[in-house]
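Chain and residue survey
Spelled out, the chains give:
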Amino acid sequence: MPDKDRTSGFFRPELETMDPEARQAYLDRRTAEIVAHAYAHAPAFAAKMRSVGAQPGDITKVADLTRLPITEKGELTEMQQKGLPFGGLNGEPLSSMSRIYVSPGPIYEPGEKVYDDDRWAQAFYAAGFRQGDIAQVTFNFNMVPFAFWLDASLNMVGCVSIPMGVGNTEVQIQALKDLKVQGYLGTPSFLATIADKAEALGLDLKKDLNLQVAFVAAEMLPPSLRVSLQERLGMVIRQSYGTADVGCLSYECLHMEGMHFAQDCVVEVVDPQTGQPVGENEPGEVVATIFNKAYPLIRFGTGDLSAFSNATCACGRTSPKLTRIMGRVDQVTKVKGMFVHPSGVQQVASKFPEVMAYQLVVNRRGHNDVMTLVCELGADTPAETSELRAKMESAMKEVLRVTGEVQFQEPGSLPQGCKVIDDRRVWK
Ligand SMILES: [Zn+2]
C-alpha cells in the first residue's frame, strides 16, 4: 500500500540537478579548498604532495588532481603503523574526534565530531526513503563506521532509525511487524533470510509487514534476486556504491541505469597503471576525493573497477553514473591495450551452456598478445564444434572488445578451481 510519493524530488535539489558546467566549477572550488586544508593539517598528505613537487597552489581544479599520487587502501595500514593512529592523514587533531573506528587491517579511522556528510542521505532519498519512515539498520554497529553513518543519514532525511545490527532474525521480524517498519537497510542476502523466516513463521510478507523501500549494500545484487525480493515483499530495492573509507560515492535512482555520482565528492575513473582518467564507458579504477576536513582522503584508490557514463537520466539528476562495479583492479589484465577482467570472461562463458569449465590464457606470440579461451565441453556436445567456436569467438570480441581464439580441450584437463585468467606473458 503506497503511502507517500517516493518517486519524485531530490535531497539536495540545487546540487543534484545542477548544470554540469556549474557543478564542475563548484567541485573545482571545493577540491582546491580541501587540498589546501589537507596540505596544512595532514602531514602525510603534505609529504605525498611534496614527493611529486606539488604545492597547494598547483591544485586549483579537479583536473589538477591527476598530478597527485593515488593512495591505495593497502598503504593505509603501513602508513598508520609508522604514525599511529591515523598515519598523518587526519586533517584535525585526535582530540576533536568523536570516535575511532577499527576496520579490518586493522585500519583506524577518525570519526568527526559532527557528522554532516549527506551523501548517504542523498542515496536514501533517491531510493525512496521519506520523512517519517521508520527504518531498520541491519548492518553491524561494532567497530566500523558504516552503520553509524547510515543511522545519522536516516535522521537527515527525517526517518526514524532502529539500530538492530546483524542477526537476531526473529527479533528483527517482530520489530518489522510491531512497528510497521517501512525501510530496510542491510545486505540483500539478509533481506532474503528475513523473508524466508517470516514466511516460515506463517506471516504474509505483504499484509503482515509494511516494507516499502530497501537500501542494500556490501554485496552484489543479482537482478534475479532484486526482482524476486521486490515481488515477494512488495517493495522497491535500490543499491549504492561506496567504501568504509570514503563513504558513499554513487547511488541508484528509480531508473536503475547505473549509479549517479554522489554530490560533494570527486569520483574519478582512472587507468590503474598510469593514474590518468579514462574515457566514458572505459573500464578503470574508481578513485575518490572527499571533502571531510577531519579525514581528507584525496585520490583514494578504492581498488574497484568500474566505468562511467554521461548519459542523461529521466530522474532529472545531472551527475554522471558509474555503470556497474566490474570487480577488483588487482584481478585485471591488460591485453592488446584493453583491460580484461575475470567477470568479462565469465560473462562470455555463461552465454554457452555447453561450456563446463574454462580459462582464459594470455600469451605472447612475437610482439603480440594472444588471448585463448580454453574450454571443456559437456558430454552431449556434438563432435562438430566449428560453429560453436565461431560463436564464442564473436562473443569474446563483443564482450571483451579484444579478439581472441577459442580452444576446446578434453574434459578434466583444466585444473579444478583454476584461475579465470592465466597470464603467461613473460616480459624481457
Ligand atoms: Zn537518475
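If you're wondering where the values come from, they're calculated on a predicted model, not measured in any experiment.

In terms of helices and strands, the chain carries 11 helices and 22 strands. Taking 22 Å as the expected radius of gyration for a compact globule of 428 residues, we find that the chain reaches 24 Å, a close match to that expectation. Each principal axis of the C-alpha distribution contributes one length, and for the chain these read about 65 × 65 × 40 Å. Looking at the chain residue by residue over its 428 residues, the buried ones come to 53%. Within the chain, contacts between residues at least 6 apart in sequence are counted, and of these 64% link residues at least 24 apart. With the model as given, the accessible surface of the chain reaches about 19,600 Å², and the carbon-plus-sulfur share is 53%. With 43 positive and 52 negative side-chain charges, the chain shows a separation of 2 Å between the mean positions of the two kinds.

Taken as a whole and judged by the stated rule, the model has 27 salt bridges. Residue D133 is joined to K4 by a salt bridge in which the shortest nitrogen-to-oxygen separation is 3.0 Å. Separated by 129 residues along the polypeptide, D133 in the loop between α5 (119-127) and β4 (134-137) and K4 in the segment before α1 (13-16) bring together distant segments of the chain. One salt bridge in this structure joins E14 and R12, with 3.2 Å as the shortest N-O distance. Of the residues examined, R12 reaches a relative accessible area of 18% and is grouped as buried. Each member of the salt-bridge network shares a partner with another, and the members are R12, E14, R30, D118 and D264.

Donor atoms from the polypeptide that coordinate the zinc ion comprise C253 (SG), H260 (NE2), C313 (SG) and C315 (SG), at 2.1 to 2.3 Å from the metal. Overall, C315 belongs to the buried group, its relative accessible area being 17%.

Tallying each qualifying case throughout the model produces 10 aromatic pairs. Between F124 and F215, the aromatic rings sit 4.9 Å apart at their centres with planes inclined by 80 degrees, giving edge-to-face as the arrangement. Taken as a pair, F124 in helix α5 and F215 in strand β7 (residues 213-216) lie far apart in primary sequence, 91 residues in all. Take F124 and F215: they sit in the same class, and that class is buried. Members of the aromatic cluster, each reached through a chain of ring pairs, are Y115, W120, F124, F129, F139, F146, W149 and F215. Taking NZ or CZ as reference, R130 lies 3.6 Å from the ring centre of Y125, over its face.

To continue, consider the sheet that holds strand β8 (residues 236-243). One open sheet holds the nine strands; their spatial order is β5-β4-β6-β7-β8-β9-β10-β15-β14, and the pairing between them is mixed. The sheet is open, and its two edges are formed by β5 (160-163) and β14 (308-309), each paired on a single side. Taken together, the two bridges between strand β9 (residues 247-251) and strand β10 (residues 259-261) define a ladder with antiparallel strand orientation. Note that in β10 the partner of S250 across the bridge is F261.

Another aspect to go through is the environment of R226. By the secondary structure assignment, R226 is in helix α9 (residues 223-233). Sequence-distant contacts of R226, defined by excluding residues within four places in its chain, comprise L221, I237, R238, Q239, E252 and M256. Within polar-contact distance, the side chain of R226 engages the side chain of E252 at 2.8 Å.

This part is about helix α6 (residues 146-157). Taking 1.5 Å as the rise per residue, α6 with 12 residues should run 16 Å; its terminal C-alpha atoms sit 17 Å apart, in good agreement. Immediately downstream of α6, the backbone of G158 shows phi near 95 degrees, a positive value.

Judged by how many residues are buried, strand β12 (residues 284-290) sits mostly within the fold: seven of seven residues are covered. Bridge count between strand β11 (residues 265-270) and β12: six bridges; the pairing is antiparallel. The residue of β12 that forms the bridge with V266 is T289. Note: β12 against strand β13 (residues 300-306), four bridges, orientation antiparallel. In the sheet register, E285 faces β13, and the bridge partner there is L305.

Our focus in this paragraph is unusual backbone geometry. Glycine aside, negative phi is the norm for most residues, and most peptide bonds take the trans geometry. With an omega dihedral of 5 degrees, the bond running from L84 to P85 counts as a cis peptide bond. The amide bond that connects G105 to the next residue, P106, takes the cis arrangement and shows omega of -5 degrees. Tracing the backbone through its elements, the reader meets P106 in the loop between β2 (97-103) and β3 (107-112). Even without being a glycine, N281 presents a positive backbone phi close to 65 degrees. Inspection of the secondary structure puts N281 in the loop between β11 and β12. Since its relative accessible area comes to 42%, N281 is described here as partly exposed. Although it is not a glycine, R401 sits at a positive phi angle of roughly 60 degrees. With respect to the element layout, R401 can be found in the loop between α11 (386-400) and β21 (405-409).

Moving on to the domain arrangement of the chain. Quite often, the size of an interface is put as the accessible area lost when its parts meet. Domain boundaries assigned for the chain yield domain 1 (1-329) and domain 2 (333-423). The centre of domain 1, based on its C-alpha atoms, is set 35 Å off from the matching centre of domain 2. Between domain 1 and domain 2, the residue contacts involve 11 residues of the former and six residues of the latter. Buried area between domain 1 and domain 2, summed over both chains or domains, comes out near 680 Å², and the portion from carbon and sulfur atoms is 47%. The largest share of the area that domain 1 buries against domain 2 comes from Q273, P283 and M326, three residues that together contribute 40% of it.

The rules we used
- Residues numbered from 1 in each chain as written.
- Predicted model: local features only at pLDDT ≥ 70, side-chain atom pairs only at ≥ 80, totals over all residues.
- Heavy atoms only, no water.
- Helix = DSSP H or I, 4+ residues; strand = E, 2+ residues; numbered from the N terminus.
- Rg over C-alpha atoms; globule rule 2.2 N^0.38 Å.
- Buried < 20%, exposed > 50% of the residue type's maximum accessible area, 1.4 Å probe, protein only.
- Contact = heavy atoms within 4.5 Å.
- Areas by Shrake-Rupley, 256 points an atom, 1.4 Å probe, with all protein chains shown as cover.
- Lys, Arg positive; Asp, Glu negative; His and termini not counted.
- Charge placed at Lys NZ, Arg CZ, Asp CG, Glu CD.
- Salt bridge = Lys/Arg side-chain N within 4 Å of Asp/Glu carboxyl O.
- Donors = N, O, S within 2.8 Å, 3.2 Å for Na, K, Ca; no water.
- Phe/Tyr/Trp six-rings, centres within 6.5 Å; stacked < 30°, edge-to-face > 60°.
- Lys NZ or Arg CZ within 6 Å of the ring centre and 35° of its normal.
- Pairing = 2+ DSSP bridges.
- Polar contact = N/O pair within 3.5 Å; in protein donor to acceptor, adjacent residues only side chain to side chain.
- Expected span 1.5 Å × (residues − 1).
- Domains from an automatic or database assignment.
- Buried area = accessible area lost by both parts, 1.4 Å probe.

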